[in-house]
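Coordinate analysis (summary)
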Amino acid sequence: MFKYFIKRTATAVVLLFVVVFVTFGLFMAVPADPAKLSCGKTCSEETKANIRHAMEIDLPFTTQYTRFVKGLFVDRYYNKGSQQPRKCEAPCLGFSFRTDENVTDVLQRRAPTTFSLALGASLIWLIGGVLLGMVSALRRGKTVDKVVQSFALFFSSLQIYLIGWVVSLYFVIKHHIIPTPTYVSPFESVSKWAAGMLLPWLTLALISMAGYARLTRAGMLETLSEDYVRTARSNGLKKGRVQFKHALRGAITPIITIFGLDLGALMGGAVITESTFGLKGIGTLSLEAVYELDLPLIIGTVIFGAFFIIMANLIVDMLYAALDPKVRITK
Amino acid sequence: MSNFLEVKDLKVAFPVEAGVVHAVNGLSFNLEAGKSLGIVGESGSGKSVTSLAIMGLLKESSAQVSGQINLDGQDLIAASENDMRKIRSTKISMIFQDSLAALHPYFRVGKQIAEVYKAHNNVSKAEAKKRAIEMLDRVGIPEPDKRFSDYPHQFSGGMRQRAMIAMALVCNPKFLIADEPTTALDVTVQAQILELLKSVQKEFNTSIIFITHDLGVISEFADDVLVMYAGRAVEKGSVVEVLTKPQHPYSWGLLSSIPDLDSHVNKFNSIPGTPPSMLKLASGCAFEPRCEFKSNVAGGKCASQLPELHSLAESPTQEARCFLSDADRKRLLTPRQFAGN
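1. As for the overall build of chain B
In terms of regular secondary structure, chain B is built from 13 helices and 12 strands. Relative to the globule expectation of 20 Å for 341 residues, the C-alpha radius of gyration of chain B, 21 Å, shows essentially globular dimensions. Expressed as lengths along the three principal axes of its C-alpha atoms, the size of chain B is roughly 70 × 50 × 40 Å. Per-residue burial over chain B gives 45% buried out of 341 residues.

2. Focus on the overall build of chain A
When its secondary structure is counted, chain A shows 14 helices and two strands. A principal-axis box enclosing the C-alpha atoms of chain A has dimensions of 85 × 60 × 35 Å. In chain A, which comprises 331 residues, the proportion classed as buried is 36%. Taking the contacts inside chain A whose residues are at least 6 apart along the sequence as the reference set, 66% of them involve residues at least 24 apart.

3. Describing unusual backbone geometry
Cis geometry is adopted by the peptide bond preceding A:Pro91, which originates at A:Ala90 and carries an omega value of -5 degrees. Note that A:Pro91 resides in the loop between strand 2 (86-88) and helix 5 (103-138).

4. Re the packing of helix 5 of chain A against helix 8 (residues 190-224) of chain A
Look at helix 5 of chain A against helix 8 of chain A: their axes get within 4 Å of each other, and the N-to-C directions meet at 35 degrees. Once helix 5 of chain A is placed against helix 8 of chain A, the crossing between them reads as right-handed.

5. A few points about the packing of helix 6 (residues 143-157) of chain A against helix 8 of chain A
Residue and element names in this part refer to chain A. At a closest axis distance of 8 Å, the pairing of helix 6 and helix 8 adopts a crossing angle of 135 degrees. Judged on the interaxial angle alone, helix 8 and helix 6 are oblique. Here helix 6 runs over helix 8; the crossing is left-handed. Residues Val148, Ala152, Phe155 and Ser156 of helix 6 form the contact with helix 8, whose participating residues are Leu206, Ile207, Ala210, Gly211, Ala213 and Arg214. When the residues that make up the contact of helix 6 with helix 8 are grouped by side-chain class, the tally is seven nonpolar, two polar and one charged.

6. Overview of the environment of A:Val184
Residues and elements named next belong to chain A. Its place among the elements puts valine 184 in the loop between helix 7 (160-174) and helix 8. Judged by the 18 C-beta atoms lying within 10 Å of it, valine 184 falls in the partly exposed class. C-alpha of valine 184 to C-alpha of histidine 53: the two residues are 131 residues apart in sequence and 40 Å apart in space. Ignoring anything within four residues of it in the chain, the contact list for valine 184 reads Ser189, Lys192, Trp193 and Gly196.

7. Examining helix 8 (residues 187-204) of chain B
All names here are of chain B. Compared with an ideal rise of 1.5 Å per residue, which puts 18 residues at 26 Å, helix 8 spans 26 Å between its outermost C-alpha atoms and is within 8% of the ideal. Buried within helix 8 we find Gln190, Ile193 and Leu197. Buried residues along helix 8 cover an arc of 65 degrees about the axis, so they all sit on one side. Exposed positions of helix 8 whose direction lies more than 90 degrees from the buried face are Thr188, Glu195, Lys202 and Glu203. In the core, the buried residues of helix 8 are packed alongside helix 7 (157-169), strand 7 (175-179) and strand 8 (207-212). At the C-terminal side of helix 8, asparagine 205 shows a positive phi close to 50 degrees.

8. Overview of the interface of chain A and chain B
Chain A puts 16 residues into the contact, and the matching count from chain B is 22 residues. Where the side of chain A that touches chain B is concerned, the elements lending two or more residues are helix 9 (227-234), helix 10 (239-267) and helix 14 (325-330) of chain A. Examining the composition of the side of chain A that touches chain B, we find that six residues originate from one element, helix 9 of chain A, more than from any other. The class makeup of the residues in the side of chain A that touches chain B is three nonpolar, six polar and seven charged.

9. Things to note about the pairing of strand 9 (residues 224-229) of chain B
All names here are of chain B. Burial within strand 9 is extensive, with six of its six residues counted as buried. Inspection of the sheet shows strand 3 (residues 36-40) paired to strand 9 by four bridges, in the parallel sense. Along strand 9, the bridge assignment pairs glycine 38 with valine 225. Inspection of the sheet shows strand 9 paired to strand 10 (residues 232-238) by six bridges, in the antiparallel sense. Its bridge partner being in strand 10, aspartate 224 is matched across the sheet by serine 238.

10. Details of the confidence of the model for chain B
Low pLDDT marks regions whose predicted coordinates should not be analysed in detail. In this model, chain B carries an average pLDDT of 88, and 96% of its residues clear a pLDDT of 70 or more. If you check the scores for this complex, the pTM reads 0.83 and the ipTM reads 0.88.

11. Re the environment of B:Lys125
Relative to the helices and strands, B:Lys125 resides in helix 5 (residues 125-138). Measuring from C-alpha to C-alpha, the distance between B:Lys125 and B:Leu254 comes to 49 Å, with 129 residues separating the pair along the chain.

12. Things to note about the pairing of strand 4 (residues 64-71) of chain B
Residue and element names in this part refer to chain B. The pairing of strand 4 with strand 5 (residues 74-75) spans two bridges and is antiparallel. Note that in strand 5 the partner of asparagine 70 across the bridge is aspartate 75. Counted between consecutive antiparallel strands, the loop separating strand 4 from strand 5 contains two residues, among which aspartate 72 sits at a positive phi close to 55 degrees.

13. Looking at the sheet that holds strand 9 of chain B
Residues and elements named next belong to chain B. Overall, mixed pairing links the eight strands, which are arranged 6-7-8-3-9-10-12-11 in an open sheet. Of all the strands in the sheet, just strand 6 (92-95) and strand 11 (310-311) have a single pairing partner and so form its edges. Pairing of strand 3 with strand 8 involves five bridges; the strand directions are parallel. Considered in strand 8, the bridge of serine 36 is made with isoleucine 208.

14. Points about the environment of A:Thr66
Residues and elements named next belong to chain A. Along the chain, the position of threonine 66 falls in helix 4 (residues 61-73). In this structure threonine 66 comes out as exposed when scored by C-beta crowding, with 11 C-beta atoms within 10 Å. Along the sequence, threonine 66 and phenylalanine 21 sit 45 residues apart, while their C-alpha atoms lie 9.9 Å from each other.

15. Focus on the nonpolar core
In summary, soluble globular proteins display a tendency toward joint burial of nonpolar side chains. Grouped together as the largest cluster of nonpolar side chains are 142 residues, with contacts concentrated most on B:Ile113, B:Ala163, B:Ala166, B:Val170 and B:Val227. Broken down by element, this core gets its largest block of residues, 14 residues, from helix 8 of chain A. Setting aside chain neighbours within four positions, we find B:Ile113 in contact with B:Ala132, B:Met135, B:Ala163, B:Ala166, B:Met167 and B:Val170. A:Leu93, A:Phe97, A:Leu297 and A:Phe304 belong to the second largest nonpolar core, which has 16 residues in total.

16. What to know about helix 7 of chain B
Residues and elements named next belong to chain B. Helix length check: helix 7, at 13 residues, gives a terminal C-alpha distance of 18 Å against a target of 18 Å (1.5 Å per residue), a fit within 8%. Of all 13 residues that make up helix 7, 12 are buried, and the element is covered over most of its length. Within helix 7, burial applies to Gly158, Met159, Arg160, Gln161, Arg162, Ala163, Met164, Ile165, Ala166, Met167, Ala168 and Leu169. Its buried side turned inward, helix 7 meets strand 6, helix 3 (99-102), helix 4 (109-120), helix 5, strand 7 and helix 8.

Thresholds applied
Residues numbered from 1 in each chain as written. Chains lettered and ligands numbered in written order. Predicted model: local features only at pLDDT ≥ 70, side-chain atom pairs only at ≥ 80, totals over all residues. Helix = DSSP H or I, 4+ residues; strand = E, 2+ residues; numbered from the N terminus. Rg over C-alpha atoms; globule rule 2.2 N^0.38 Å. Buried ≥ 20, exposed ≤ 12 C-beta atoms within 10 Å, placed from the backbone. Contact = placed C-beta atoms within 7 Å. Axes fitted to C-alpha atoms, helices over the stretch in contact; angles between N-to-C directions. Left-handed = near helix turned anticlockwise from the far one by under 90°. Parallel < 35°, antiparallel > 145°, perpendicular 65-115°, else oblique. Nonpolar A, V, L, I, M, F, W, Y, C, P; charged D, E, K, R; others polar. Expected span 1.5 Å × (residues − 1). Arc of directions from axis to C-beta. Pairing = 2+ DSSP bridges. pLDDT = per-residue confidence, 0-100. Core = buried A, V, L, I, M, F, W, Y, C linked by C-beta atoms within 7 Å.

Here's what the structure looks like:
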């Protein structure tokens, strides 16, 4: 188990380096002049050269790359040795071309919104989806099952920018039932935080819940016909125990796997949801970065997203091993 | 209350797309306390469905169950699911064929046993664990307190089946259904499991229904035998009677297909044909199409009329469902030196 853990972690680290390398390489390949972008069209060649020098983008690619990677781990000083070296604390992702702000700071400022959205929504859809799926499986072929199935199909076919605007129009603008989505730090006020996130949570959850309901239904139908569920029944265990403990335990592994991957992807920014509800998270940040060709910010958001996806994969693999005693003991 | 279990005219049917599968068609038998009954028959003859019906495990499925199953005077078919739940494990338990599939792969073996004990007894976790270890010890699992925490896949096949027996007996039921408990095991382990079942039967005075298609196992284990064909009993009697003097062409055929190790003939006897479709019940004897003696019954009666299960003149404790005359049976179903006993 320990060996497996080490192996998987090492793979994840290597993968992260590959992502950093590729992203950085792509950044170099873009035919954009950061100096021009950051000071405008009226800049003299000399000013541009100075800016290039200050950004250290006049150095050869390999030097830039090694400094960038090193900066991820230790504090980086731009123009070290000059009279005004600029300090960039680790993990350093550089400075925005547009605002000259430290990219790490920007990410740090925007991340809580995305995390709140991701965690809240995923929790709702996980619990809701699994419960609906179970009900559906246990009442297979009955009206409840058909209703759940139809709803699942209906909502999974919807797009967030459609349903998001419809519910905003109805609940927020017309009837003022739900406050306008905004991000308030939960450390300030939990109720305001929840109220501000409620609509994005519900909308995102509703759309994703459908998939989980169907996944749970399929899994439950399979485990409900397993011999070990029959054993549990033949042993006179209570119905709830048979269904929630024995049957659900057998079906939960793939659900947890998909959940981890979905959550990881969402942590890297929910572009459409955030822009639909005007939330200032990582998703909208990456959009802004792309629109403005703010290369350090693009790199920052890509690495940020990749980090969470790779971490989620790693955690899911570990969890998978922990959930299955056969894997746990032999690996 | 001489009969511990009484099954009367049990019928089980499963509606399917193509029609209705008549899995069991009017099965009746009794089982006295402390005795063991072997039910023999080929796949699809309705033996497992019978056991599931007794356990009440067909409730909540689409199966249509009718007839009577009386356990200590209580009708199990009429019993509610909740009553059935309380009866399971405390009065009747069941051991299944494939122990690897029948144990939950994600829970520790000991905990699964303890869970059953705790579900039916008002005891603490620690007491349930103690009881589970005790039972593991009783069924011959070495180092039971250590093995308590193992997962099913860490047990060998024989040990898993022992654990299944421990689980089935943990609440001290007076009645046990063993559905092909030794089929998935190799012969030496099979013998050990049979030995174990015999000894627990004696110790707990348990009645056992032993479902199998292995006549050797029956001859070792059972007091009485019920031979099933197409959802009906075709022959009933004591082990010695049925295995040495079969009175129905089907049981006779089954026994004749056991290879004789002493003979040098390299040919196996078999019953020609295949079991009938259970979708449409024949009006006559279900075995008629495969029966090699049907011409001995006048007027093609076998194909048109269903023979009753009736006791026989010369051995009154034995019953068979056949139109053959006593003289014909005696002449045609010649007793042979069968393998086994």
